[in-house]
Structures are given as structure tokens and as C-alpha cells.
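# Remarks on the overall topology
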Amino acid sequence: MLAIIVVALTALAMLAGQSLPERTGPPIENISVERTALEPGRITLTLRNTGPDAVTVAQVAVNDTFVDLVGAADPIGRLESQTVTLDYPWITGQPYLVSMLTSTGLVIEHEIPAAVATPAPGVAFFGLMALLGTYVGIIPVLLGMLLLPVMRRAGTRAVRFVLAVTVGLLAFLIFDGTSEGFKLAAASSGAFGGGTLVVLGAVIAFLTLTCIDRYLRGKRRRAGTTGASELSLALMISIGIGLHNLGEGLAIGSAYAVGELALGAFLVIGFTLHNTTEGLAIIAPLARRRTPLLTLLGLGLIAGAPAILGAVIGAGVDNREVSALLLGVGVGAIIQVIIQIAPSLRTQGRSDLDPLVLVGVGVGILLMFLTGLVVPA
């Protein structure tokens, strides 16, 4: 093994001592439009260079008509961004094709399917986003948690069934979050990894929450108590759901930021139905213990409040790479939560799963699928 390492290091040293041949041929240019903002008589594009060579935007045409532009004087280096403002009297609802001519003669096109004025960020706009985040996140989660008295009167098998429904619910959220993350990554510039950002976010969240869980378990073991395990599980569920709701808020904020008001309204309705069932998932581990009202309220806020933050970030930043990364974080958190719940699904003294548990998982997936039909693709 040591000999292999020595040979590999020697080969690397030899390669380092040699200069790589210069690439010949025409420059490879590629520009991605990260953000489009439309104001009366003006189109603002945020460009990012995703190719290996610097790019200089020489001229821009909108629907085959050359227009005046501001902000394209300097070359755009690799992975650098630049804002270009076009003077053009666009008409609401009309499609436009923006053709960017580089200094080497390459034409890079960007399509605007339907021109809509971009909402101006301000106190009122961000206040509306915060209100929508409250409607989507906090209120439905707390409504679902109101079923705690019913859960306390239920038997052990009923509680296990609800936990199984929770696993099905979370499993659907993993699929949903991953799908949305890869869609956002595919629509991004790809300069920072594209779909890799979703995987990276999931791995970071999973490892972080695993470390937190190990720390809490070690602390309880040293204290010689296990009474806080149910509360810890409920907390982990709240964190996982909260991170997913952060992604939902991002989707809502982004829809309103680009003027897609109808899509934003449907997202609010669909996510509200989703999150009511998430409140039930949080209280499932607490059915056999008395939990203070303030603690329950705190768990609900942990799960629901990130939707407010997501809506504000989505409306203000409108960056697909950030959204994809955060959706990946939510996916990784939910995977860790399912691992936490899994031991509670087994009947004590039995190695096989109760058929009721399998039914519960299926019910959870079906429930989320049916409520998800309200949200347009």
C-alpha cells in the first residue's frame, strides 16, 4: 500500500514539473441568464459566465432589433457575473427573444415567454411574503398539532400507525424535495454544480443532524436518563419539516418575485394542505408524555417559521442555486428524521414489522400525493 502511495506521489510530482500545453482553437464562450427583471421601458439581465473563457457582450438584440445597453463594457471572467440593462419598450404578456452577440461573433439567446413587470422589493412586498409564509407554515402546522389530545387517548398500535403515516409523509417529501431541487438545478446556470448542489445540501444536513443526535444521546447517557427521547425525536421531526418548509417558502417567494401570481396562489393553497398533516407528524412521538404548551408552540414554530424566511429569501434573492442547495438540505434532514423514527415502528419483542405499520406508510404517501395534486407542476 505504501509503495502505491509513493508511486502516485512521484507521478504527481513529475506532472507538476511539466507545463500543460496551451489550448488552441477558438474561445469557448457560454453565458447563462440567472435573473430577469422587467421595469417599464427597461429589461435588466444578470449574466454569469459558465464557460472556460472570458466573454464580452458586444451587442444585444431583442426580437431581432438592436437595443442600447448599459453595463457590458468589461469582459466577464469565468464564474463572474455582470448586470446588463436594456432600453426597450416591452409590452405586458408578449414573448421576447434576447440575442446577445459576443465580441467573437457568437450569439447566445435568452427567451422571455411572457413579459410581466417584476414586483419592486419594499416593506409592503416583503411583509406580504412574511404573511404568506405564516399562512403556509405556522398556522397549518399548529392546526395539525391540535390533535394531540386525541393521540393521547389512542392505544399503542394507533400511535405506531400514526408514526408510520409520518414516515410515509416524510418519504414523499424526500421525493418531492429532490425532484424540485433537480428541476431548479437544471434551470440554473450550472456554474456551481447544478444537481450536485442538491446532493451536497442533503449530505451536509444529514451529517450535521447525525452529529447533533449523537451528541444528545451521549449527553442523556452520561446523565443516566432516557426520559427526553420522545421530545428529542419530536424536535428532530420539527427541524426536518422546518427545513423542507424553507424550500416551500422559496418556491412561493420566487413565483411572486417573477410575477407569476397565479402560480404563487396555487402554491400557497397546496402547501397549506400539506403542512396540516405535518403538524400531526410532530405530535406523534409525544402521545405518551405530558408536554408543556410552550414547548408544543416552540416545536410548531421550528417546523413552520422557516416558510416565512424562505418566502422572503425567494422574493429577494431569486437565485436557483441557493434554492436547490436549501431544498437538498431539507431532503437530508428528512432522511435523518426517518432513521430516528424507524426504531419506534417495531413491536417490542418482535423482529418483523406489524402489517399496520406498512399500511400506515402507504397511507402517508397516498395522503401527500392527493394533497400534492392541488399544486401545479
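Residues numbered from 1 in each chain as written. Predicted model: local features only at pLDDT ≥ 70, side-chain atom pairs only at ≥ 80, totals over all residues. Heavy atoms only, no water.

With that out of the way, let us pick up the nonpolar core. Leu170, Ile237, Ile282 and Ile341 are the most contacted members of the largest nonpolar core, which totals 39 residues. With 10 residues, the single largest contributor to this core is helix α4 (residues 156-187). In this structure, Ile341 is in contact with Leu163, Thr166, Val167, Leu170, Leu233 and Ile237, ignoring residues within four places of it in sequence. By size, the runner-up hydrophobic cluster in this structure holds 23 residues, among which are Val33, Leu47, Tyr88 and Val98. (Core = buried A, V, L, I, M, F, W, Y, C linked by side-chain atoms within 4.5 Å. Buried < 20%, exposed > 50% of the residue type's maximum accessible area, 1.4 Å probe, protein only. Helix = DSSP H or I, 4+ residues; strand = E, 2+ residues; numbered from the N terminus. Contact = heavy atoms within 4.5 Å.)

Attention now goes to the pairing of strand β1 (residues 31-39). Sheet topology places β1 next to strand β2 (residues 42-49); 8 bridges connect them, and they run antiparallel. For Ile31, the partnering residue across the bridge sits in β2 and is Asn49. Between β1 and β2, which pair antiparallel one after the other, the connecting turn spans 2 residues, and Gly41 there sits at a positive phi close to 75°. (Pairing = 2+ DSSP bridges.)

Attention now goes to the UniProt feature "transmembrane region" (unreviewed entry) in the protein chain. Here the UniProt feature "transmembrane region" (unreviewed entry) sits at residues 123-146, 158-175, 195-216, 253-273, 293-316, 322-343 and 355-375. Span residues 123-146 is 96% helix and 0% strand, its end C-alpha atoms 33 Å apart. In residues 322-343, the share of helix is 91% and the share of strand is 0%. The end C-alpha atoms are 34 Å apart. (UniProt positions renumbered as here; feature names shortened; annotations may be inferred.)

Positionally, Ser179 belongs in helix α4. Taking relative accessible area as the criterion, Ser179 reaches 28% and is therefore assigned partly exposed.

Moving on, we get to the packing of aromatic side chains. For the structure on display, the rule yields 2 aromatic pairs. A ring pair is formed by Tyr88 and Tyr96, whose centres lie 5.5 Å apart and whose planes are at 80°; its orientation type is edge-to-face. Here Tyr88 falls in the buried class, since its relative accessible area comes to 15%. According to the relative accessible area criterion, Tyr96 is buried, its value standing at 6%. Plain terms: the ring middles of Phe172 and Phe175 are 6.5 Å apart, the flat faces sit at 55° to each other, and that makes the pair tilted. Here the residue Phe172 and the residue Phe175 both occupy positions in helix α4, the gap between them amounting to 3 residues, near one helical turn. A relative accessible area of 14% means that Phe172 is categorised as buried. (Phe/Tyr/Trp six-rings, centres within 6.5 Å; stacked < 30°, edge-to-face > 60°.)

Attention shifts here to the sheet that holds β1. With antiparallel pairing, 4 strands are arranged side by side in an open sheet as β1-β2-β6-β5. The two strands at the open ends of the sheet, each matched to only one other strand, are β1 and β5 (69-70). Pairing analysis gives 7 bridges linking β2 to strand β6 (residues 81-87), with the strands arranged antiparallel. The partner of Arg48 across the bridge, within β6, is Ser81.

Attention now goes to the packing of helix α2 (residues 123-145) against helix α9 (residues 306-316). Closest axis-to-axis distance for the α2/α9 pair is 7 Å, and the angle between their directions is 145°. As α2 runs across α9, the sense of the crossing is right-handed. For the pair formed by α2 and α9, the contact residues are Phe125, Phe126, Met129, Ala130, Gly133, Thr134, Gly137 and Ile138 on the first element and Ala307, Ile308, Ala311, Val312, Ala315 and Gly316 on the second. Residues of the contact of α2 with α9, tallied by class, amount to 10 nonpolar, 4 polar and no charged. (Axes fitted to C-alpha atoms, helices over the stretch in contact; angles between N-to-C directions. Left-handed = near helix turned anticlockwise from the far one by under 90°. Nonpolar A, V, L, I, M, F, W, Y, C, P; charged D, E, K, R; others polar.)

A word on unusual backbone geometry. A positive phi angle, near 50°, is found at Asn63, a position not held by glycine. Position of Asn63 among the secondary structure elements: in the loop between β3 (57-62) and β4 (65-67). Even without being a glycine, Asp64 presents a positive backbone phi close to 65°. Tracing the backbone shows Asp64 in the loop between β3 and β4.

Let's shift gears to the confidence of the model for the protein chain. Averaged over all residues, the pLDDT of the protein chain equals 75, while 76% of them reach at least 70. Summarising per-element confidence for the protein chain, the mean pLDDT is lowest in helix α1 (residues 2-16) (53) and highest in strand β7 (residues 96-102) (89). (pLDDT = per-residue confidence, 0-100.)

Where α2 meets helix α8 (residues 293-304), the axes come as close as 8 Å, and the angle between the chain directions of the two elements is 140°. Taken together, α2 and α8 sit at an angle that is classed as oblique. Considering the relative orientation of α2 and α8, their crossing is right-handed. From α2, Gly133, Gly137, Ile138, Val141, Leu142 and Met145 reach across to α8, where they touch Leu296, Leu297, Leu299, Gly300, Leu301, Ala303 and Gly304. (Parallel < 35°, antiparallel > 145°, perpendicular 65-115°, else oblique.)

Right, let's get into a nonpolar patch on the surface. Together, Leu128, Leu131, Tyr135, Ile139, Leu143 and Leu146 give the surface a local cluster of nonpolar side chains, amounting to about 560 Å² of exposed area. The exposure class of Leu128 is partly exposed, given its relative accessible area of 39%. (Patch = residues over 30% accessible without salt bridge, like charges linked within 9 Å, V, L, I, M, F, W, Y side chains within 5 Å. Areas by Shrake-Rupley, 256 points an atom, 1.4 Å probe, with all protein chains shown as cover. Salt bridge = Lys/Arg side-chain N within 4 Å of Asp/Glu carboxyl O.)

Scanning all chains against the criterion turns up 1 salt bridge. Across the pair Glu39 and Arg42 runs a salt bridge whose closest N-O atoms are separated by 3.9 Å. Assessed through its relative accessible area of 38%, Glu39 is described here as partly exposed. Owing to a relative accessible area of 37%, Arg42 belongs among the partly exposed residues under this scheme.

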